[in-house]
Structure formats: C-alpha cells, structure tokens
Amino acid sequence: MPPDPDEHSDPAVTSVSLAAEAALLEARVRMLQEETDQTDAGIETLSHTLRLLHRDASASADPPDGTRQCESSG
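Everything numeric in this text was worked out from a predicted model, so none of it was measured. All residue numbers refer to positions counted from 1 along the written sequence of the respective chain. Per-residue local features of the predicted model are confined to residues with pLDDT of at least 70, and side-chain atom pairs are confined, for both listing and counting, to 80 or more; whole-chain, interface and lining totals are unaffected and use all residues. As a convention, hydrogens and water are excluded, and side-chain values are obtained from all of the structure's heavy atoms.

**Digging into the overall build of the protein**
Secondary structure follows DSSP: runs of H or I at least 4 residues long count as helices, runs of E at least 2 residues long count as strands, and numbering of each begins at the N terminus. In terms of helices and strands, the protein carries one helix and zero strands. Residue burial is assigned from relative accessible area. The probe radius is 1.4 Å, only protein chains are included, and a residue is buried under 20% of its type maximum, exposed over 50%, and partly exposed in between. Residue burial in the protein is summarised as follows: out of 74 residues, 0% are buried.

**What to know about a nonpolar patch on the surface**
There is a patch of nonpolar side chains on the surface, built from Leu46, Leu50 and Leu53 and spanning about 310 Å² of accessible area. For Leu53, the location among the structural elements is in helix H1 (residues 11–61). The residues that make up patches have over 30% relative accessible area and no salt bridge, and they are joined within 9 Å when like-charged or within 5 Å when they are Val, Leu, Ile, Met, Phe, Trp or Tyr. Note on areas: Shrake-Rupley with a 1.4 Å probe; residue coverage comes only from the protein chains shown. Salt bridges, as used here, are contacts in which a Lys or Arg side-chain nitrogen is within 4 Å of a carboxyl oxygen on Asp or Glu.

**Details of the pattern of salt bridges**
Counted according to the given criterion, the structure contains two salt bridges. Here Arg55 and Asp56 are joined by a salt bridge, their closest N and O atoms 3.8 Å apart. According to the relative accessible area criterion, Asp56 is partly exposed, its value standing at 44%.

**Observations concerning a negative patch on the surface**
Charge assignment: positive for Lys and Arg, negative for Asp and Glu; neither His nor the chain ends contribute. For the purpose of locating charges, the reference atoms are NZ of Lys, CZ of Arg, CG of Asp and CD of Glu. Together, Glu34, Glu35, Asp37 and Asp40 make up a negatively charged patch on the protein surface. Relative to the helices and strands, Asp40 resides in helix H1.

Next up, the structure:
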C-alpha cells in the first residue's frame, strides 16, 4: 500500500501486494491452527494422566473390601 492513502497506485501492483499479504496471513493461520492442535493434544494427554492418578489415589485410599474406616481421634 502506498504511504499516502490518497495517492493512487497501479492496481496490478496493489493486487500483487494484497495477494502476497493474504498468502502470508493464510500461512500464519495454518501455523496457529497446528499449534492449537498440539496444545489441545497436550491438554488431553495431561487430563488423561491426571484422571488416572486421581483414580489410582482414590483406589489406594479405599480398603480392599471396599468399605471405608473412620479414624478415631484421641
């Protein structure tokens, strides 16, 4: 784009410039989408791991017969 918006330039030059800018923006959008997909996959993996750890911690806190015992204070 010309520095002065009132200055008229060659439409062909403007078209090529806008097409190049559009191509760069499309490439950036693809990169961001890939990064988002990787982040989503990482979050899903972490969530799965946390669920497993929580399940394992809950299972080890329960007595083998499935009943919970109250601790006596005193």
